[in-house]
Amino acid sequence: MVGRPPTSPDQLRALYGLLDADERQRHAAFRVPADKDRYALAHGLARLAVGRAAGIAPESVTFDHLRTPRQGKADPPGRGPRGKPRPSGPAEGWEISFSHSGDRVLLAMARGVQVGADVQEVRTVRMGVDSLLGQLLHEDERGHFTRLDPRQREADFFTYWSRKEALVKATGEGLAAATKVVVSPPGAPIAVHSWDTPNGPAPGHVQLLDVAAGDGYSASVAALTPRPLEISVRDTADLLKGLPKARPRTGLRGGTGLGPAKTRTAPATATRRTAPASQHRPGPSATR
């Protein structure tokens, strides 16, 4: 059911009101109003989802941002506003990842399992997707494109992109590590063939799934666990019912600046990993 009614301006303002000071600063940096809407929606939904899971008010949700050393970078691991968000305080122990592209938002979360989520709108690349292959694909994967019709290249490129970014977001390594990860080509059974980074999981300790996000979109969720995943469906509309009816936090002149929203929410996909009864914990959930 991708293509639900647009989120209302009032809802977007309320979601903006959940953002912390750093998130509001990053929100203000977006120049395109639709990008501001997607950012507020994704980050606001993240606080709603984590707050519900942890049994706390969404306004009380806090995040640590963990930095991971990246390929070719000297940055040490640590905490900073641009690292991977990880719930802290009463919500510590939950893992979360979210993404937005076009008019889609994808949110994945799990208890005690690192997750990554990515959604990509299939779009025309000005210089052509071939110009980006070296930034995304391992040399073993690039040969796949030599056998494709040009019209198929864009769709397959963005499938690769969503899969690989979901994987490297799970570890917090970022897209710079994507060329060190090898996945199966679109159309073949989905699999991770190799992962050659310092923070990559052991062989067999990762699960990767494609998520239906509607025509013109590729979306994927990754979980760093050896256990199989089982998919069920949830709806972001249920999360929005718990949205506080409060004024936005102070700090932005003239309100949020959010106009009529074009960002659409879609059903959430809950991914549960199978485990013995004595060890069972809720698995990743993805909100589209």
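Okay, so let's go over this structure. Positions within a chain are numbered from 1, following the residues in the order the chain's sequence is written. Given that the model is predicted, a residue must reach a pLDDT of at least 70 before its local features are reported, and side-chain atom pairs must reach 80 or more before they are shown or counted; all residues, however, enter totals for whole chains, interfaces and linings. Side-chain numbers come from the whole structure's heavy atoms, not from hydrogens or water.

Structural notes on the pairing of strand β10 (residues 217-223)
β10 sits mainly inside the fold: seven of its seven residues count as buried. Residues of β10 alternate between two faces, with Tyr 217, Ala 219, Val 221 and Ala 223 on one and Ser 218, Ser 220 and Ala 222 on the opposite face, all of them buried. Of the pairings in the sheet, the one linking strand β6 (residues 115-121) to β10 comprises seven bridges and is antiparallel in character. In the strand pairing of β10, Gln 120 is matched with Ser 218. Burial here depends on accessible area, computed with a 1.4 Å probe over protein chains only, as a share of the maximum for the residue type. Under 20% is buried, over 50% is exposed, and the range in between is partly exposed. Secondary structure elements are defined from DSSP: runs of H or I of at least 4 residues count as helices, runs of E of at least 2 residues count as strands, and each element is numbered from the N terminus. Pairs of strands are assigned from DSSP output, requiring at least two bridges between the strands.

A few points about the side chain of Asp 103
Tracing the backbone shows Asp 103 in the loop between β4 (94-101) and β5 (104-111). Separated by 2.7 Å, the side chains of Asp 103 and Tyr 217 make a polar contact. What qualifies as a polar contact is a pair of N or O atoms within 3.5 Å, subject to a donor-acceptor requirement within protein and to the restriction that residues adjacent in sequence count only when both atoms come from side chains.

So, the packing of helix α2 (residues 21-29) against helix α3 (residues 33-54)
Axis definition: a line fit to C-alpha positions, over the contact stretch in the case of helices; interaxial angles, taken between N-to-C directions, run 0 to 180 degrees. For the pair α2 and α3, interaxial distance at closest approach is 9 Å and the crossing angle is 160 degrees. Here α2 is positioned roughly antiparallel relative to α3, judged by the angle of their axes. Read as a crossing pair, α2 and α3 show a hand that is right-handed. Listed contacts from α3 to Glu 23, Arg 26, His 27 and Ala 28 of α2 are Lys 36, Tyr 39, Ala 40, His 43 and Arg 47. Just so you know the grouping, Ala, Val, Leu, Ile, Met, Phe, Trp, Tyr, Cys and Pro go in nonpolar, Asp, Glu, Lys and Arg go in charged, and all remaining residues, Gly too, go in polar. Taken together, the residues of the contact of α2 with α3 sort by class into three nonpolar, two polar and four charged. Just so you know how the angles are binned, under 35 degrees is roughly parallel, over 145 roughly antiparallel, 65 to 115 roughly perpendicular, and the rest oblique. Here a crossing is taken to be left-handed if its near helix is turned anticlockwise relative to the far helix by less than a right angle, and right-handed if that turn runs clockwise. Whether two residues are in contact is decided by their heavy atoms, any of which lying within 4.5 Å being enough.

Observations regarding the side chain of Arg 104
Tracing the sequence through the fold places Arg 104 in strand β5. You can call Arg 104 buried: its relative accessible area is 7%. Within polar-contact distance, the side chain of Arg 104 engages the side chain of Asp 103 at 2.3 Å.

Topic: the pairing of strand β9 (residues 207-210)
Judged from the four bridges that link them, β9 and β10 form a sheet pairing that is antiparallel. If you follow Leu 209 over to β10, its bridge partner there is Val 221. Between the antiparallel neighbours β9 and β10 lie six residues, among them Gly 214 with a positive phi of about 100 degrees.

Quick word on the environment of Leu 208
Among the secondary structure elements, Leu 208 is positioned in strand β9. The spacing of Leu 208 and Thr 225 is 17 residues in sequence and 10.0 Å in space, taken between C-alpha atoms. Excluding residues that lie within four positions of it along the chain, Leu 208 makes contacts with Arg 163, Leu 167, Val 183, Ile 190, Val 192, Ser 220, Val 221 and Ala 222.

Topic: the packing of aromatic side chains
When two rings of Phe, Tyr or Trp (its six-membered ring) have centres within 6.5 Å they constitute a pair, described as stacked for plane angles under 30 degrees, edge-to-face for angles over 60, and tilted for the intermediate range. This structure, assessed with the given rule, holds five aromatic pairs. A centroid spacing of 5.8 Å and a plane angle of 75 degrees characterise the contact between Phe 157 and Trp 161, whose relative ring orientation is edge-to-face. You can see Phe 157 and its partner Trp 161 sitting in helix α6 (residues 150-171), four residues apart, about one turn around the helix. Both residues of the pair, Phe 157 and Trp 161, count as buried. Chaining the aromatic ring pairs together yields one cluster made of Phe 157, Phe 158 and Trp 161.

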